[in-house]
Amino acid sequence: SQKIEQNSEALNIQEGKTATLTCNYTNYSPAYLQWYRQDPGRGPVFLLLIRENEKEKRKERLKVTFDTTLKQSLFHITASQPADSATYLCALAYGSGNTGKLIFGQGTTLQVKP
Amino acid sequence: SQTIHQWPATLVQPVGSPLSLECTVEGTSNPNLYWYRQAAGRGLQLLFYSVGIGQISSEVPQNLSASRPQDRQFILSSKKLLLSDSGFYLCAWSTGTVDEKLFFGSGTQLSVL
């Protein structure tokens, strides 16, 4: 069955450093992958989408890579700030048509210390 | 602009009681609608999705049901809650085009005791 794995251990880094989060998947060939941010007690918020034919995508201090051979996506936050502290979820589309069904990883919690 | 409303924010219900969670979307027409559940320390699990009024697809067998009585209204229900129904329930919508992102509501924390 399809499986998505994110590092369940919290990632603690110092302010100003680059945070790198990993998303691995198996038994799956997604057309695209998405990353979301979730704050405690809130719904996830969309950050970035990267397609299978794209190697890298950037948005301000965020960068996502997508390696379909390794079946892995890396999510980077450069010059991290305490406000970046949150749980980050990766998600892959499945199913046919435009139903928009996504399967989510369990998320990695990032803590940026001042 | 589009907004999604979900209520209540928190709910404590006894085992065996009924459930009704409501979600409405404003500022868009014919959205795809979704109900997800997030258990503690686990990823979001898709429960139901709908591509139109009265059209409901269930992703997992469970004690819950969903209905879409109006274009922008999505309801999650149960006749008798189980302890295992506890969790964080999230409603979401998308435009239904390829590659579209999901927009989530603020969620309902359900505790079944």
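Residues numbered from 1 in each chain as written. Chains lettered and ligands numbered in written order. Predicted model: local features only at pLDDT ≥ 70, side-chain atom pairs only at ≥ 80, totals over all residues. Heavy atoms only, no water.

Undergrad: In this structure, what is going on with the overall build of chain A? I would like to understand it.
TA: Assigned secondary structure in chain A consists of zero helices and 11 strands. Secondary structure elements of chain A occur, N-terminal to C-terminal, as β-β-β-β-β-β-β-β-β-β-β. Since a compact globule built from 114 residues should have a radius of gyration of about 13 Å, the 14 Å found for chain A is in line with a globular shape. The principal-axis extent of the C-alpha atoms belonging to chain A is close to 45 × 30 × 20 Å. Expressed as a percentage of the 114 residues in chain A, the buried residues total 46%. Within chain A, contacts between residues separated by at least 24 positions form 55% of all contacts whose residues are at least 6 apart in sequence. (Helix = DSSP H or I, 4+ residues; strand = E, 2+ residues; numbered from the N terminus. Rg over C-alpha atoms; globule rule 2.2 N^0.38 Å. Buried < 20%, exposed > 50% of the residue type's maximum accessible area, 1.4 Å probe, protein only. Contact = heavy atoms within 4.5 Å.)

Undergrad: What should I look at first to understand the interface of chain B and chain A in this one?
TA: Chain B puts 23 residues into the contact, and the matching count from chain A is 21 residues. Counting each side, the surface lost to burial between chain B and chain A is near 1,700 Å², with a carbon and sulfur contribution of 53%. Our count for the chain B to chain A interface comes out at one salt bridge. Lys101 of chain A is the partner of Glu59 of chain B in a salt bridge, and the nearest nitrogen-oxygen pair spans 3.4 Å. Our count for the chain B to chain A interface comes out at four residue pairs in polar contact (both at pLDDT 80 or more). Only strand S4 (32–38), strand S5 (44–52) and strand S9 (87–94) of chain B provide two or more residues apiece to the side of chain B that touches chain A. Among the elements that line the side of chain B that touches chain A, the one with the most residues is S4 of chain B, at four residues. (Buried area = accessible area lost by both parts, 1.4 Å probe. Salt bridge = Lys/Arg side-chain N within 4 Å of Asp/Glu carboxyl O. Polar contact = N/O pair within 3.5 Å; in protein donor to acceptor, adjacent residues only side chain to side chain.)

Undergrad: Whenever I open this one, the pairing of S5 of chain B confuses me. Can you help?
TA: Successive residues of a regular strand alternate their side chains across the two faces of the sheet. All names here are of chain B. Taking burial as the measure, the nine residues of S5 include seven buried ones, the bulk of the element. By the bridge criterion, six bridges tie S4 to S5 in an arrangement that is antiparallel. Among the inter-strand pairings, Gln38 is bridged to a residue of S5, identified as Leu44. What sits between the antiparallel neighbours S4 and S5 is a turn of five residues, in which Gly41 has the positive phi angle 75°. Bridge count for S5 against strand S6 (residues 55–58) is three bridges, and the pairing is antiparallel. Each bridged residue has a counterpart across the sheet, and for Phe48 the counterpart in S6 is Ser58. Where S5 folds back on S6, the antiparallel hairpin that results is connected by two residues, among which Gly54 adopts a positive phi of roughly 75°. (Pairing = 2+ DSSP bridges.)

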